[in-house]
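Okay, here's what each chain looks like letter by letter:
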Amino acid sequence: KANPYLFYSEILKSQIFEEQGKLDSAKFYAKKAFFGLPNNELHSTRYMNLLNLTADRKSLDESFELLTKSNNFINWKNYLIIASNFKRKTKDLVLIERAKQAIEIFPENNEIKSLYNKIIIGDDALNQSVNFANKGLEFFNKKDYAKAAIEFEKAATLNHLDYANYENAATAYYMINNFDKALELINKVINELNPLNGKCEYIKALIFIKMQDPIGACPLLKTSLRLGFTASESLYKQYCNF
């Protein structure tokens, strides 16, 4: 009563009703608190949790604009987690656009990246791609590079957002001297996925060196070193100190 604009009484009522198993009443008061004071993380998180428990997609969509208006990380993450849990028969183009929006706002955040991948690729495809990648690693460790390359490519086909699948496939093809295929895959990483880790430039430099073009490898090794990939240093000293 002292300050009804805090909506703390509504939050307490929501907690009590949830403990009693009365989720509709709990959601009613959580909604009142959220729409009354949306910038309060306690209010928004409680309301989002209840929307998740009651599988209330309609209310989740209705709350999106207010929830993400201030670009609060917790609110964005909660929305993407809950929205991605709803089963859909077809791709949700609205959710995909919102996931893209989130990745633009939080480009370096691994949690948002993971949720983005889940939404864009889908759980089933992600799990299958991991299985193919693990098989590829097994073959690679056994030095069966031809089979490893095939498995890594399968993983890349299912999850085109994970540049590691393309890098691993390129490396496997490099090991069996299939330079055309290795270049095709590593160029995809450099030109389209652009991880800025220096490793893809290093792999391409290795391919050039094996193709008897160490001069062509030097700019790649220089870029790789600039991006902090220290494994390129010895090759740069060996081939590019002229």
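Above this text you will find the structure in question.
So, here's what we can say about the structure. (Residues numbered from 1 in each chain as written. Predicted model: local features only at pLDDT ≥ 70, side-chain atom pairs only at ≥ 80, totals over all residues. Heavy atoms only, no water.)

1. Re the overall build of the protein chain
Then, in step 1: Broken down by element type, the protein chain carries 14 helices and zero strands.
Then, in step 2: When the helices and strands of the protein chain are read in sequence order from the N terminus, they spell out α-α-α-α-α-α-α-α-α-α-α-α-α-α.
Then, in step 3: Relative to its length of 242 residues, the protein chain is extended, with a C-alpha radius of gyration of 25 Å against a globular reference of 18 Å.
Then, in step 4: Projected onto the principal axes, the alpha-carbon positions of the protein chain cover approximately 80 × 35 × 25 Å.
Then, in step 5: Within the protein chain, counting contacts between residues at least 6 apart in sequence, those at least 24 apart form 51% of the total.
Then, in step 6: Split by element, the accessible area of the protein chain, about 13,900 Å² in all, is 51% carbon and sulfur. (Helix = DSSP H or I, 4+ residues; strand = E, 2+ residues; numbered from the N terminus. Rg over C-alpha atoms; globule rule 2.2 N^0.38 Å. Contact = heavy atoms within 4.5 Å. Areas by Shrake-Rupley, 256 points an atom, 1.4 Å probe, with all protein chains shown as cover.)

2. Some remarks on the nonpolar core
Then, in step 1: Counting residues in hydrophobic clusters, the biggest one holds 31 residues, and the most contacted among them are Tyr174, Leu185, Ile186, Ile207, Ala217, Leu221 and Leu235.
Then, in step 2: Elements represented by at least two residues in this core include exactly helix 9 (145-158), helix 10 (163-175), helix 11 (179-193), helix 12 (199-210), helix 13 (214-226) and helix 14 (232-240).
Then, in step 3: A per-element tally of this core places helix 12 first, with eight residues.
Then, in step 4: What Ile207 contacts, discounting residues up to four positions off in sequence, is Tyr174, Phe179, Ala182, Leu183 and Ile186. (Core = buried A, V, L, I, M, F, W, Y, C linked by side-chain atoms within 4.5 Å. Buried < 20%, exposed > 50% of the residue type's maximum accessible area, 1.4 Å probe, protein only.)

3. Focus: the state of the cysteines
Then, in step 1: Counting across every chain of the model gives one disulfide.
Then, in step 2: Paired through a disulfide, Cys218 and Cys240 show a sulfur-sulfur distance of 2.1 Å. Where Cys218 bonds to Cys240 through sulfur, the torsion about that S-S bond is close to -100 degrees, and the disulfide is left-handed. A residue pair is termed long-range when its members are at least 10 positions apart, and Cys218 in helix 13 and Cys240 in helix 14 qualify at 22 residues. Assigned by exposure class, Cys218 and Cys240 land together as buried.
Then, in step 3: Cys200 takes part in no disulfide bond, and the closest cysteine sulfur, belonging to Cys240, lies 17 Å away.
Then, in step 4: Residue Cys200 is classed as buried on the basis of its relative accessible area, which comes to 1%. (Disulfide = S-S within 2.5 Å.)

4. Some remarks on unusual backbone geometry
Then, in step 1: Phi is positive for Phe7, which is not a glycine, with a value near 60 degrees.
Then, in step 2: Within the fold, Phe7 resides in the segment before helix 1 (8-19).
Then, in step 3: A positive phi angle, close to 65 degrees, is found at Asn177, a residue other than glycine.
Then, in step 4: Tracing the chain through its elements places Asn177 in the loop between helix 10 and helix 11.

5. Quick look at the packing of helix 5 (residues 73-85) against helix 7 (residues 110-121)
Then, in step 1: Put simply, helix 5 and helix 7 touch, their axes get as near as 10 Å, and they point 25 degrees apart. When the axes of helix 5 and helix 7 are compared, the pair comes out roughly parallel. Both helix 5 and helix 7 take part in a crossing whose hand is left-handed. Across the interface between the two elements, Phe73, Lys77, Leu80, Ile81, Ser84 and Asn85 from helix 5 touch Glu111, Ile112, Leu115, Lys118 and Ile119 from helix 7.
Then, in step 2: Its residues assigned to classes, the contact of helix 5 with helix 7 comprises six nonpolar, two polar and three charged. (Axes fitted to C-alpha atoms, helices over the stretch in contact; angles between N-to-C directions. Parallel < 35°, antiparallel > 145°, perpendicular 65-115°, else oblique. Left-handed = near helix turned anticlockwise from the far one by under 90°. Nonpolar A, V, L, I, M, F, W, Y, C, P; charged D, E, K, R; others polar.)

6. Remarks on the packing of aromatic side chains
Then, in step 1: Under the counting rule described, the total for this entry stands at ten aromatic pairs.
Then, in step 2: Joined through ring pairs, the aromatic side chains of Phe17, Phe28 and Tyr29 make up one cluster.
Then, in step 3: Over the ring of Phe64 we find Arg98; its NZ or CZ atom is 3.8 Å from the centre of that ring. (Phe/Tyr/Trp six-rings, centres within 6.5 Å; stacked < 30°, edge-to-face > 60°. Lys NZ or Arg CZ within 6 Å of the ring centre and 35° of its normal.)

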